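So you can see what is in the structure, the chains are spelled out below.
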Amino acid sequence: MTSLQLNAGPSPWGSPYWKKLPTEELARYDLQAPTEKYFIDNLELLVDDMETALYKGSLKLPDSPDLVKVVVKTDFFAKALRTSAFIHEADMYELHLSSLQGLSIPYCYGLFQHKDKEDKVSSFLVLEECGDLIDDVSSLPNSFKLKALDALYEIHCAGYIHGDLSLNNITIKDGQPFFIDLETAEPHKCEMKERIVVGEERRKIECDEIDLCCMMLEIWADSKVKVDGLLVFQRAHLRRENIDFLLSLLIHRNRDTEVFRPQVEQLVEKMEAEREYYHNIRSQRRFIEPVAPE
Ligand SMILES: [Zn+2]
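Residues numbered from 1 in each chain as written. Predicted model: local features only at pLDDT ≥ 70, side-chain atom pairs only at ≥ 80, totals over all residues. Heavy atoms only, no water.

### Details of the overall build of the protein
Scanning the protein for helices and strands turns up five helices and 14 strands. Against the globule reference of 19 Å for 294 residues, the protein gives a C-alpha radius of gyration of 25 Å, more extended than a compact globule. When the backbone C-alpha atoms are referred to their principal axes, the protein occupies close to 80 × 40 × 30 Å. Put simply, the protein has 294 residues, and 45% of those count as buried. Of the accessible surface of the protein, which amounts to about 15700 Å², a share of 50% is contributed by carbon and sulfur atoms. Across the protein, the mean location of the 35 positive side-chain charges is 3 Å away from that of the 52 negative side-chain charges. (Helix = DSSP H or I, 4+ residues; strand = E, 2+ residues; numbered from the N terminus. Rg over C-alpha atoms; globule rule 2.2 N^0.38 Å. Buried < 20%, exposed > 50% of the residue type's maximum accessible area, 1.4 Å probe, protein only. Areas by Shrake-Rupley, 256 points an atom, 1.4 Å probe, with all protein chains shown as cover. Lys, Arg positive; Asp, Glu negative; His and termini not counted. Charge placed at Lys NZ, Arg CZ, Asp CG, Glu CD.)

Here's what the structure looks like:
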């Protein structure tokens, strides 16, 4: 039986004074694994929440002198234990998406379980530490945004959606994106075929979660186009067939809206040219490639 031993570490704020991290050996959830003993030291609280406490620490593996930086996620302090959700998440890492470990999702060192005197099972999921959360989307380079989209698409191609996508679930480590927190991942058949280019106008695509990712990472162009001295237009409205409609929006500026026609036509031509540019890139290449104007 593979086991894990945690050194003593702090408890989340507000937890009962007697509730301390267990330091006895914890059994690994997967009983097929070989007999090994893991040890984690230098535990620090990363997320001080009783429902899901998150620690970082240094993992000592039995066959290596090096320490590995890991994150330990636990419901040990929670009122409602989530044993099956932890098993589901561990299965995502170790079974369903195992080939993506260390690439677009963290490497998983195992799910370990603690049984209290009343036989209640709390969980300790040990994952590779995968850098920091994104704190400013607008400062991300286009190349990173496309890598993230690519990484998500790989998860989809492996047959799953993340299920709870937010900026709190994407990390960046050495310029590489990682998707974390797979508790709510679900089976999915991705219909996405056409590639996406950073900066193109939002369009209807075949996958809702990829669309959500494009919105979160500001991959789609801003839905509004501001024109100095005129108005803020909806980007989607800026089409040749809409010119009379666009002029009608300007009636409060001048009853003779024809005076704006040259300016509006010029703007619409610029947008139509951009659409054609992105359309041509999409039709030339496969799903996601880093070709985009900065
Ligand atoms: Zn999909």
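### Remarks on the packing of helix α2 (residues 142-157) against helix α3 (residues 208-216)
At a minimum axis separation of 11 Å, α2 and α3 run at an interaxial angle of 165°. With respect to α3, the element α2 is oriented roughly antiparallel. You can see that α2 and α3 cross each other, and the crossing is right-handed. Contacts between α2 and α3 involve Leu149, Leu152, Tyr153 and His156 on the former and, on the latter, Glu209, Ile210, Cys213 and Cys214. For the contact of α2 with α3, a count of residues per class yields six nonpolar, one polar and one charged. (Axes fitted to C-alpha atoms, helices over the stretch in contact; angles between N-to-C directions. Parallel < 35°, antiparallel > 145°, perpendicular 65-115°, else oblique. Left-handed = near helix turned anticlockwise from the far one by under 90°. Contact = heavy atoms within 4.5 Å. Nonpolar A, V, L, I, M, F, W, Y, C, P; charged D, E, K, R; others polar.)

### Here's the deal with the environment of Tyr277
One can find Tyr277 in helix α5 (residues 261-284). When its relative accessible area of 38% is taken as the criterion, Tyr277 is described as partly exposed. For the pair formed by Tyr277 and Glu200, sequence separation is 77 residues and the distance between their alpha carbons is 9.2 Å.

### Some remarks on the layout of surface pockets
Quantified by volume, the largest pocket comes out at close to 700 Å³. Surrounding the largest pocket, 32 residues form its lining, Leu46, Val47, Leu54, Val71 and Ile180 being those nearest its centre. Those elements that place two or more of their residues in the lining of the largest pocket are β3 (37-47), β4 (53-60), β5 (67-74), α1 (83-96), β7 (121-128) and β8 (132-133). A domain-level breakdown of the lining of the largest pocket finds at least three residues from each of domain 1 (3-128) and domain 2 (132-220). Counted as a void, the second largest pocket has a volume near 420 Å³. Along its surface, the second largest pocket is lined by 18 residues, and Trp18, Lys19, Phe76, Ala78 and Asp116 are the ones closest to its centre. Considering only residue class, the lining of the second largest pocket consists of nine nonpolar, two polar and seven charged. (1 Å grid on protein atoms, 1.4 Å probe; cavity = no way out; pocket = protein on both sides within 12 Å on 5 of 7 lines; lining within 4 Å. Points joined across faces, edges and corners; volume = space filled by probe spheres on them. Domains from an automatic or database assignment.)

### Here's the deal with the environment of Val264
Summarising the element assignment, Val264 is placed in helix α5. Once the C-alpha coordinates of Val264 and Tyr55 are considered, the two residues, 209 residues apart in sequence, prove to be 56 Å apart. Beyond its immediate chain neighbours, meaning those up to four positions away, Val264 contacts Leu230, Ile243, Leu246, Leu247 and Leu250.

### Observations concerning the sheet that holds β4
Taking strand neighbours around the barrel as the criterion, the seven strands line up as β1-β2-β6-β7-β5-β4-β3 in a closed arrangement whose pairing is mixed. In this sheet, neighbouring strand axes are inclined to one another by 35° on average, regardless of whether the strands run parallel or antiparallel. Across the sheet, α1 touches β2 (26-28), β5, β6 (108-115) and β7, and the angle it forms with β6 is around 160°. (Pairing = 2+ DSSP bridges.)

### As for the coordination of the zinc ion
Only His156 (ND1), His188 (NE2), Cys190 (SG) and Cys207 (SG) from the protein coordinate the zinc ion, and they sit 2.1 to 2.3 Å from it. Classification of the site at the zinc ion as tetrahedral follows from its four donor atoms and the range of 95 to 120° in their angles at the metal. Each donor residue of the zinc ion belongs to the same chain, and together they define the spacing H-x31-H-x1-C-x16-C. Residue His156 is located in helix α2, and its partner Cys190 is located in the loop between β12 (186-187) and α3; the two are separated by 34 residues in the primary sequence. Since its relative accessible area comes to 1%, His156 is described here as buried. (Donors = N, O, S within 2.8 Å, 3.2 Å for Na, K, Ca; no water. Tetrahedral: all angles 85-135°; square planar, octahedral: opposite > 155°, others 65-115°.)

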